[in-house]
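Fold and geometry: a report
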Amino acid sequence: MNALRRLAALVAGLLARLGVIEESRLRETTDLAWPRVLTGFAIMSKRTVDLAVVGLAIGPTAVAGLTVANAYWTVGKFAFIGLAGGTIALVSQNYGGGDSPRAARAVEASLLVAGGAALPLVALFAAGARPLVELLGNDARTLSYGATYLAIVAPGLLFEALNLVASRTYAGVGDTLTPMALRATGAVLNIVLSAGLVLGLGYGVAGAAVGTTLSTVFVAAAFAWGMTGRAYWSRGDSGGASPVPVRFDALPDRDLLRQLVTISTPLVARRIAQAAVVFPLLAIAAAFGPLVVAALGVARQVRALLDSFGWGFSIAASTLVGQSLGRGEETTAAAYGWEITKLSALVYVSVALVVLAVAEPIARVFVDGEGLVTTTRFVRVAAVSVVALGVDGSVTGTLRGAGDTRVPFVATLAGLYLVALPLAWAGTVTAWGVFGLMAALVAETLVPMVVNYGRFRAGTWKAVSRGYRPDRGESVSQD
């Protein structure tokens, strides 16, 4: 243990001397980030585990089917990630500004909106699973697997929406350990259930879907305990109980609902745009056959799993920047934003180099035989593209903590629909072939990063934040 502490101190000192991040800010960042990194791995591992076990038990066609079904699930989930982004902005600024009751009312408003929005999506995905997956391909076996999976996981979307709001609430008050513990427990449960039902009992794609849904419901039930102010354990200051407990003992605050909608709408639109681009990409990939569909799905899933590091840095940036702004400390907020961004760039370059070196073993986890070479190539491209995704996560985390969410939305639209999609389509009409899809994977992360970084450098986000602070911008401290 002492050796680990000395190593950590050595690394912290080296990063400070290199001008990456000041030691005290590194401690605050890592305290918030590492539980969110593990939480991200726990959440994203559900889809990764499902792809891996059905690939092992059935083959690439089943992987392609789950890829198609996950496209719809991801649209819904990403929409609620956007909503939860509005939650953390309001919670962190109000909690940081000393107004805990107002932060709690913001959480209540978020939960009501999330639940109300999730129900029609659940009904659509459950009842229309077959016609929905048929829009994205024509391979009968792929469509059958996809429809089965989507119909069964659809109810879990309601609980995932509530989980996302709860998780961001804890992050907004500076507690990322509690959601990590709950999400990690759910991930372990998902592995046990999905692997047992698929590999042990032979329930195939349906077994994977049941395992994922049940584990999501379990996490929601666990979150409900702490979100209402009850402790999970006796040790510690709060025992995991939320310091902004929800009561639902009054009508929703209209002013907070308006602010939530104002902040979240661009975030939701941005996230939906990010998720929806997979539909035309899958349609393009289908022109090259189910093996390319599976390869694209694996690459995007690997990248999403690697983006778990970004979850940590992004949440740390949103929380620390938002709390600093809530206290009127704009200079400190800017320092957090800059230094967390530099740290994330360093981490993601290192991660990308590792994945590039072991791309083939990673691909082999999901597919084998004739699909291995293509999947390996796509995994390598995903590793390259994740560097820009990671940097962009820290930058947009800073902007989100300030409530500045419109420019990231526009940047995402430009990267996805003006650059990435045309590149992918070009592969169907030129000699590029599948390399058009690979170029699209890089473009969809690189373009938003460049635009959002420019917005961050301009500093406009500081002025935007003044309209969301507890004092509503009446006084601004420059430290």
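What comes next concerns the included structure. On a predicted model such as this, the values are computed, not experimentally measured, just so you know. (Residues numbered from 1 in each chain as written. Predicted model: local features only at pLDDT ≥ 70, side-chain atom pairs only at ≥ 80, totals over all residues. Heavy atoms only, no water.)

Brief notes about the nonpolar core
Applicable threshold: Throughout, nonpolar core names a set of buried Ala, Val, Leu, Ile, Met, Phe, Trp, Tyr and Cys residues whose side chains join them through atoms within 4.5 Å. For every residue, the accessible area obtained with a 1.4 Å probe (protein chains only) is divided by the maximum for its type, and the residue is called buried under 20%, exposed over 50%, and partly exposed between those limits. Helix and strand assignments follow DSSP, with helices taken as H or I runs no shorter than four residues and strands as E runs no shorter than two, numbered in order from the N terminus. By definition, residues are in contact when any of their heavy atoms lie within 4.5 Å.
Counting residues in hydrophobic clusters, the biggest one holds 108 residues, and the most contacted among them are Phe378 and Leu437. The greatest single-element share of this core, amounting to 17 residues, is contributed by helix α3 (residues 60-96). The contacts of Phe378, once residues within four sequence positions are left out, are Val292, Ala295, Leu296, Ala299, Val434, Leu437, Met438 and Leu441. Listed in part, the 26 residues of the second largest apolar core include Ala12, Leu32, Leu399 and Met449.

Quick word on helix α7 (residues 156-172)
Put simply, the rule is: Multiplying 1.5 Å by the helix residue count minus one yields the expected span of that helix.
For α7, with 17 residues, the first-to-last C-alpha span of 24 Å sits near the 24 Å given by 1.5 Å per residue. Within α7, 14 of the 17 residues are buried, which leaves it mostly tucked inside the rest of the structure. A positive phi of about 90° marks Gly174, the residue just after α7.

Observations regarding the pattern of salt bridges
In plain terms, the rule: In what follows, salt bridge is the name for a side-chain nitrogen of Lys or Arg lying within 4 Å of a carboxyl oxygen of Asp or Glu.
Across all of its chains, the model carries 11 salt bridges by this definition. Here Arg300 ties to Glu444 by a salt bridge, and the two come within 2.9 Å at their closest N and O atoms. With Arg300 in helix α12 (residues 290-306) and Glu444 in helix α18 (residues 435-458), this residue pair connects regions lying 144 residues apart in the sequence. With respect to class, Arg300 is no different from Glu444; both count as buried.

A word on the environment of Thr262
Using the following cut-off: Between N or O atoms, a polar contact is any pair within 3.5 Å; within protein, one atom must be a potential hydrogen donor and the other a potential acceptor, and residues adjacent in sequence are included only when both atoms are from side chains.
Note that Thr262 resides in helix α10 (residues 254-276). A residue is classified by how much of its surface remains accessible, and Thr262, at 25% relative accessible area, is partly exposed. Considering only alpha carbons, one finds Thr262 and Ser385, 123 residues apart in sequence, at a separation of 30 Å. Apart from the residues lying within four places of it in its own chain, the contact partners of Thr262 are Thr405, Arg406 and Tyr468. Only 2.8 Å separates the side chain of Thr262 from the backbone oxygen of Arg258, close enough to count as a polar contact.

Re empty space enclosed by the protein
For clarity, the threshold we go by: As defined here, a cavity is a set of points on a 1 Å grid over the protein atoms alone where a 1.4 Å probe fits but cannot get out. A pocket is an open set with protein on both sides within 12 Å along at least five of seven lines, and residues line them when an atom is within 4 Å of a point. Grid points are joined across faces, edges and corners, and a volume is the space filled by probe spheres set on the points. Residues are grouped as follows: Ala, Val, Leu, Ile, Met, Phe, Trp, Tyr, Cys and Pro are nonpolar; Asp, Glu, Lys and Arg are charged; all remaining types, including Gly, are polar.
Applying the stated criterion across every chain yields a total of two cavities of 30 Å³ or more. Taken as a whole, the largest cavity holds about 990 Å³ of empty space. What lines the largest cavity is a set of 46 residues, among which Thr74, Phe78, Arg271, Ala304 and Asp307 lie closest to the centre. Tallying contributions element by element places α3 first for the lining of the largest cavity, with 10 residues. For the lining of the largest cavity, the class distribution of residues is 17 nonpolar, 15 polar and 14 charged. Taken as a whole, the second largest cavity holds about 50 Å³ of empty space. Together, Arg105, Glu108, Ala109, Leu112, Phe248, Ala250, Leu251, Pro252 and Asp253 line the second largest cavity. Looking at the lining of the second largest cavity residue by residue, the classes come out as six nonpolar, no polar and three charged.

Some words on the side chain of Thr67
Position of Thr67 among the secondary structure elements: in helix α3. On the accessibility criterion, Thr67 (8% relative accessible area) is buried. Here the side chain of Thr67 touches Val63 through a polar contact of 2.8 Å, landing on its backbone oxygen. Among residues more than four places away in sequence, those in contact with Thr67 are Leu51, Leu282, Val293 and Gly297.

Digging into a nonpolar patch on the surface
In plain terms, the rule: Distance thresholds for patches are 9 Å for like charges and 5 Å for nonpolar side chains (Val, Leu, Ile, Met, Phe, Trp, Tyr), applied to residues having over 30% relative accessible area and no salt bridge. Each accessible area value is a Shrake-Rupley result obtained with a 1.4 Å probe; residue values ignore everything except the protein chains displayed when judging cover.
A cluster of nonpolar side chains, contributed by Val349, Leu353, Leu356 and Val384, occupies part of the molecular surface with about 320 Å² of accessible area. Top element by residues in the nonpolar patch is helix α14 (residues 330-357). It accounts for three residues. Structurally, the position occupied by Val384 is in helix α16 (residues 372-402).

What about the packing of helix α2 (residues 23-57) against helix α13 (residues 308-326)?
Under the convention used in this document: Axis definition: a line fit to C-alpha positions, over the contact stretch in the case of helices; interaxial angles, taken between N-to-C directions, run 0 to 180 degrees. To sort the angles, those under 35 degrees are grouped as roughly parallel, those over 145 as roughly antiparallel, those from 65 to 115 as roughly perpendicular, and the leftovers as oblique. Helix crossings are classified by the rotation of the near helix relative to the far one: an anticlockwise turn of less than a right angle makes the crossing left-handed, while a clockwise turn makes it right-handed.
Running from amino to carboxyl end, α2 crosses α13 at an angle of 140°, the nearest separation of the two axes being 7 Å. If you check the angle between α2 and α13, you find them oblique. α2 and α13 meet at a crossing whose hand is right-handed. In contact with Glu28, Thr29, Leu32, Ala33, Arg36, Val37, Gly40, Phe41, Ile43 and Met44 of α2, α13 contributes Ser308, Phe309, Trp311, Gly312, Phe313, Ile315, Ala316, Thr319 and Leu320. Tallied by class, residues from the contact of α2 with α13 come to 12 nonpolar, five polar and two charged.

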